[in-house]
Amino acid sequence: MTVLEVDGLHTRFPTPRGTVDAVNEVDLRIEPGEIVGLVGESGSGKSVLAESIMGIVEEPGEIASGDIRLHGESLLDLPESKRREIRGGTISMVFQDPMNSLNPTLTVGEQIAEMVRLHQPVGESVSLPAELKRKLVGSSKNGQAWRRAIEMLESVEIPEPETRASDYPHEFSGGMRQRAMIAMALAAEPDLLIADEPTTALDVTIQAQILDELRELKDAFDTSILLITHDLAVVSEVCDRVNVMYAGEIVERADATELFSDPQHPYTQGLIASTPRLDAPMDSLEPIDGNVPDLIDIPFACHFAPRCPEATRECYEIDPNFRPVDADTDGESNDHVAACLRRGPTEERL
Ligand code: SF4
């Protein structure tokens, strides 16, 4: 069964200047065992989409319409208590900056052990004041949760995990902290891990190691992953399928290999042309002109039109719905779709 289905999601934020449509009519699917990429520049709505899935959109933001289903069950119909149970349990999230997510006053092992305890089957779950929980977890170094914490640190390749479990976050390097965050997120054996720019703050070597580990952990823990990044190189490294997001909308979706070999949407083409590659000189990079537009009342139909080298007058007036990219060659649609008036079946192109 499909792990996650997002249908027509619209998340908005009222502001004194007008409504920011941060996520607009977005569809997304994640199948069991898949790593699905969500890629786009800063401000494209990627993180708000993740927050919508997690149920942590900050007020006054709200999900105005659409649906989010986990294993077929709508999350939007659930009471907050049930969503809290799912958060960190069935769905976990890893953020870009582990220092903001790890508690500096608890050892790394205690924090992972606490996560294990919180998401154990009903009956063993605890809802206690933080200080008491800390004492309980801290005093259970021979307990099951502590042993599990050490196993989790070992699984993310922290050296000497038995010793390092007693370290505080500031005693870990940046790469080790990110690994610890991943260990914590996987401690509850979630069905879906959302990783939001998990390697952005790290140097390239550590980044590659962590991406490798994510791929291995996905298999070991039987977890699907939604990988959010602005970095196409990261996506090409680990993802099965990719969604390209621009100004609150998904503009292209394809198998990862096909997206890189045959990008269709002018925005995807621009992203690829502006991404450094080992086999191409840096001076061959072509940045995309302009910036992501202000998401308040965008006045043109295709949100990319002001930056698009192929834009025509129609692009400002006609909504570019998704079109299957190869439908004109084999007569059938496939999973590669692009929201551009100048792509898709020849007879439909402008
Ligand atoms: S619809 Fe027009 S402006 Fe938008 S991406 Fe396609 S060609 Fe460019």
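Residues numbered from 1 in each chain as written. Predicted model: local features only at pLDDT ≥ 70, side-chain atom pairs only at ≥ 80, totals over all residues. Heavy atoms only, no water.

- As annotated in an unreviewed UniProt entry, the chain carries the name Nickel import system ATP-binding protein NikD and comes from Haladaptatus paucihalophilus DX253.
- Taken directly from UniProt, the Subunit (unreviewed entry) text for the chain runs: "The complex is composed of two ATP-binding proteins (NikD and NikE), two transmembrane proteins (NikB and NikC) and a solute-binding protein (NikA)."
- Regarding the chain, the UniProt comment filed under Subcellular location (unreviewed entry) reads as follows: "Cell membrane". (UniProt positions renumbered as here; feature names shortened; annotations may be inferred.)

### Concerning the layout of surface pockets
Moving on, step 1. Looking at the second largest pocket, its volume works out to about 620 Å³.
Moving on, step 2. Along the walls of the second largest pocket sit 23 residues, with Asp231, Ala233, Val234, Thr275 and Pro276 positioned nearest its centre.
Moving on, step 3. Counting residues per element, the ones that place at least two in the lining of the second largest pocket are helix H9 (204–221) and helix H10 (232–238).
Moving on, step 4. With 5 residues, the single largest contributor to the lining of the second largest pocket is H10.
Moving on, step 5. Here the lining of the second largest pocket is built from residues that sort into 10 nonpolar, 8 polar and 5 charged. (1 Å grid on protein atoms, 1.4 Å probe; cavity = no way out; pocket = protein on both sides within 12 Å on 5 of 7 lines; lining within 4 Å. Points joined across faces, edges and corners; volume = space filled by probe spheres on them. Helix = DSSP H or I, 4+ residues; strand = E, 2+ residues; numbered from the N terminus. Nonpolar A, V, L, I, M, F, W, Y, C, P; charged D, E, K, R; others polar.)

### Side note on the site of the ligand
Moving on, step 1. Residues in close proximity to the ligand include His265, Pro266, Cys302, Ala305, Cys308, Glu310, Ala311, Cys315, Cys340, Leu341 and Arg342, which together make up its full environment.
Moving on, step 2. A molecule is said to occupy a pocket when more than half its atoms come within 2 Å of that pocket's grid points, and by this definition the ligand occupies the largest cavity. (Near = heavy atom within 4 Å. Sits in = over half its atoms within 2 Å of the grid points.)

### Digging into the packing of helix H4 (residues 108–118) against helix H6 (residues 144–155)
A pair of packed helices can be characterised by two numbers: the angle between their axes and the separation between those axes.
Moving on, step 1. Two elements in contact, H4 and H6, have axes separated by 8 Å at closest approach and are oriented at 115°. By the angle class used here, H4 and H6 are roughly perpendicular. H4 and H6 meet at a crossing whose hand is right-handed. Facing H4, whose interface residues are Val108, Gly109, Glu110, Ile112, Ala113, Val116 and Arg117, H6 presents Ala145, Trp146, Arg148, Ala149, Met152 and Leu153. (Axes fitted to C-alpha atoms, helices over the stretch in contact; angles between N-to-C directions. Parallel < 35°, antiparallel > 145°, perpendicular 65-115°, else oblique. Left-handed = near helix turned anticlockwise from the far one by under 90°. Contact = heavy atoms within 4.5 Å.)

### Looking at empty space enclosed by the protein
Moving on, step 1. Under the definition given, this model contains 3 cavities of 30 Å³ or more.
Moving on, step 2. If you add up the space inside the largest cavity, you get close to 80 Å³.
Moving on, step 3. Surrounding the largest cavity, 13 residues form its lining, Pro266, Cys302, Cys308, Cys315 and Cys340 being those nearest its centre.
Moving on, step 4. Its residues placed into classes, the lining of the largest cavity shows 10 nonpolar, 1 polar and 2 charged.

### Digging into the environment of Asp7
Moving on, step 1. On the secondary structure map, Asp7 appears in strand S1 (residues 4–15).
Moving on, step 2. Sequence separation between Asp7 and Ile68 is 61 residues; the distance between their C-alpha atoms is 6.5 Å.
Moving on, step 3. Setting aside chain neighbours within four positions, we find Asp7 in contact with Val26, Asp27, Arg29, Gly66, Asp67 and Arg69.
Moving on, step 4. Only 3.1 Å separates the side chain of Asp7 from the side chain of Arg29, close enough to count as a polar contact. (Polar contact = N/O pair within 3.5 Å; in protein donor to acceptor, adjacent residues only side chain to side chain.)

### Points about helix H12 (residues 266–273)
Moving on, step 1. Counting buried positions along H12 yields 6 of 8 residues, so the element is predominantly enclosed.
Moving on, step 2. By the burial criterion, the buried members of H12 are Pro266, Tyr267, Thr268, Gly270, Leu271 and Ile272. (Buried < 20%, exposed > 50% of the residue type's maximum accessible area, 1.4 Å probe, protein only.)

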